[in-house]
Amino acid sequence: MSPGVLETAAAVRGRKVKAAESVAEAIGQIRRVDPQLHAVSQVREDEARRAADDLDRRIARGEDPGPLAGVAFTAKDNICTRWGTTTAGSKILESYRAPYDATVVERLARAGAICVAKTNMDEFGMGSSTENSATVGPTRNPWRTTHVPGGSSGGAAALAAATRGMIHLGSDTGGSIRQPAACCGVTGIKPSYGRVSRYGLLAFASSLDQIGVLEADARECAAALSAMAGKDPMDSTSADVPVPDYVAGLEKGARGLRLGVPKEYFPEGVDPEVEARVREGIDVLRRLGVDVREVSLPHTRHANPTYVLISAAEASSNLARYDGVHYGYRSSEAGSVLEVYARSRAEAFGPEVKRRIMVGTFVLSAGYYDAFYNKACKVRKLIRRDFEAAFREVDAVVSPTSPVTAFPIGDKIDDPLKLYAVDVLTVPANLATVPGVSFPCGFTRAGLPVGMQLYGRPFEDGTILRLAHAFQEATDHHRKAPPVRA
Amino acid sequence: MEVTDDLVRHVARLSRLDISREEAVGLKRHFEKILAYIAAFQALDTRDVDPGLFSVESQNVFRADEPRPSLDRAEALRNAPQQGDGFFVVPRIVGAEGGAAGGQAKGGAGTEAGGHEAGRGDDPEVSE
């Protein structure tokens, strides 16, 4: 079995393994599993090898190659990289080549990591199944290839489950890291809003979007987050809050932390097997000395409708830039500038993207703004207050990540509302700007992974990673390998 | 509220989406479902809640008003579907009959640089 992220970095730093070998091994893993998974949109062969050779020469000269030396990483296809294309899974950006690297890409590279691939996603992050990809088509779940990997970071999640020793960058606007992590049995963190720079992330909903990672365990998430987090002058919403060493922080353990179980997070519609596994997971934490108590987040049931409106409103504004003029697809049928806009967009956006743009434009339009958008912003405030109150009593909150496990491809794609319902337990983190981590807490009888989610206070990402790490030291769900495995 | 065909067409125009008749039918149904979905939260009492504009409390940040290097012109134009003489090329806006005439003139006369801003300012009702 291939070594993990921290072991790879230690081996390369210690000159036991060359970065070139590590990168070749990572690309080999991707090549072995991708024909069954359709998880990547591009693999970076020659440039990655050159970057690795470069790093090896620096190591040979005695330079410090960085904490993640020689670790391969992948970027979701909505994260800008100077190499290759950045398509966001959309036909409208099919041939778009970003003129710069996203800050996270730059920071991982500075830490010695090397980008080897771009991963598949739902178009512009709009979806929970990675079936809405107009570039690669549906990605498949390594646990059962007839099933979805979740989404929208489904390519990253499938690779995180089927390979070892890489960092997989994802983005999360309403659960797009955590829900696929749950579906694929891996650990995924959506950091606090402002913890990680969004510069170079193609915007979906700017007040909710956050970049994070999908990994084998909480320790790998901690290592990646330590390298990525922190203030960036290129993103004014990135926060000037000190970045701790998240890996070292894991050693503090879980004993004595207070964990809230919100009764509203086990609503009707949660699969009984999912609920059973999560409750067993809570018992594990209790046995580790965590003080478990009930809390209430009364506005939870309004979170998803609030999310649907706010995210659509922001998307309609953010996606106005795709106009067939500056970059991307242009219709050949357009005679006027207005037709350039309207036809290019109509021909190149997928159906779900159009639905969200339409709903967003509607709730922002004259006559409807107050009743819909403004109302949604007010309800978001109430949801935030729920969390502020809960976090005066407890250090973290626990819930299932998703009400259901991975579902068959094609099962929900014809009914958008059915698909939106999958997000009901993950959207509150984005609305409240709090960090959330999902990790496997067991399996259903059918053999599909179940994810458990922890929420923490803003900028206390380390606390939920500590809890997840303690859980993973006591269990082995995260070590189980799916049938499709490199 | 009732979702009418006119409302869907109006929103599509504002969205700069040239949707087909078939798509309009589907979108109308989708709007109805969304309105039903959000009905419960609409009944919520939020009279005393300030909506807030930003997701995090933040203060405006100023920087010195000094020129800094930015994307060079060739790089910025590299992804444009049509370009010429260092500009983005779009169909003629000024002097075009009703905004609908005029082909895709390339470069020189008939080219409107910065068409994005000019186009966005247009009232769709007027220019169609």
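Participant: Explain the interface of chain B and chain A to me, please; I cannot follow it from the model alone.
Facilitator: In many analyses, interface size is given as the accessible surface area lost on bringing the parts together. On the side of chain A, 62 residues touch chain B, which itself brings 55 residues to the contact. Carbon and sulfur atoms make up 65% of the area that chain B and chain A hide from each other, which totals about 5,400 Å². Taken together, chain B and chain A are joined by 3 salt bridges. One salt bridge connects K33(B) with D415(A), and the closest N-O pair in it is separated by 3.8 Å. On the surface where chain B and chain A come into contact, there are 17 residue pairs in polar contact (both at pLDDT 80 or more). Secondary structure elements with two or more residues in the side of chain B that touches chain A: α1 (5–14), α2 (21–37), α3 (39–42), α5 (115–121) and α6 (124–127) of chain B. Examining the composition of the side of chain B that touches chain A, we find that 8 residues originate from one element, α2(B), more than from any other. Here the side of chain B that touches chain A is built from residues that sort into 31 nonpolar, 15 polar and 9 charged.

Participant: Explain the pairing of strand β4 (residues 166–172) of chain A to me, please; I cannot follow it from the model alone.
Facilitator: In regular strands, side chains alternate between the two faces of the sheet. Residue and element names in this part refer to chain A. Most of β4 sits out of view: 7 of its 7 residues are buried. The sheet contact formed by strand β2 (residues 72–76) and β4 spans 4 bridges and is parallel. Bridge pairing in β4 links A72 to M166. Note: β4 against strand β6 (residues 210–215), 5 bridges, orientation antiparallel.

Participant: Looking at this structure, I do not really get the packing of aromatic side chains. What am I missing?
Facilitator: One pair of aromatic rings is described through two measures. These are the centre distance and the angle between the planes. Tallied over the full model, the rule gives 16 aromatic pairs over all chains. Seen from their ring centres, F124(A) and Y322(A) are 5.0 Å apart, and the 45° between their planes marks the pair as tilted. Of this pair, F124(A) sits in the loop between β3 (114–119) and α5 (154–162) while Y322(A) sits in the loop between α10 (303–318) and α11 (337–348); the two residues are 198 residues apart in sequence, bridging distant segments of the chain. Both residues of the pair, F124(A) and Y322(A), count as buried. An aromatic cluster is defined as three or more aromatic residues linked by ring pairs; in this entry it consists of Y96(A), F124(A), Y322(A), Y327(A) and F349(A). A cation sits over an aromatic face here: R279(A) above F266(A), 4.0 Å from the ring centre. In this structure, R73(B) is placed above the aromatic ring of F87(B), and the distance from its NZ or CZ to the ring centre is 5.5 Å.

Rules used throughout
Residues numbered from 1 in each chain as written. Chains lettered and ligands numbered in written order. Predicted model: local features only at pLDDT ≥ 70, side-chain atom pairs only at ≥ 80, totals over all residues. Heavy atoms only, no water. Contact = heavy atoms within 4.5 Å. Buried area = accessible area lost by both parts, 1.4 Å probe. Salt bridge = Lys/Arg side-chain N within 4 Å of Asp/Glu carboxyl O. Polar contact = N/O pair within 3.5 Å; in protein donor to acceptor, adjacent residues only side chain to side chain. Helix = DSSP H or I, 4+ residues; strand = E, 2+ residues; numbered from the N terminus. Nonpolar A, V, L, I, M, F, W, Y, C, P; charged D, E, K, R; others polar. Buried < 20%, exposed > 50% of the residue type's maximum accessible area, 1.4 Å probe, protein only. Pairing = 2+ DSSP bridges. Phe/Tyr/Trp six-rings, centres within 6.5 Å; stacked < 30°, edge-to-face > 60°. Lys NZ or Arg CZ within 6 Å of the ring centre and 35° of its normal.

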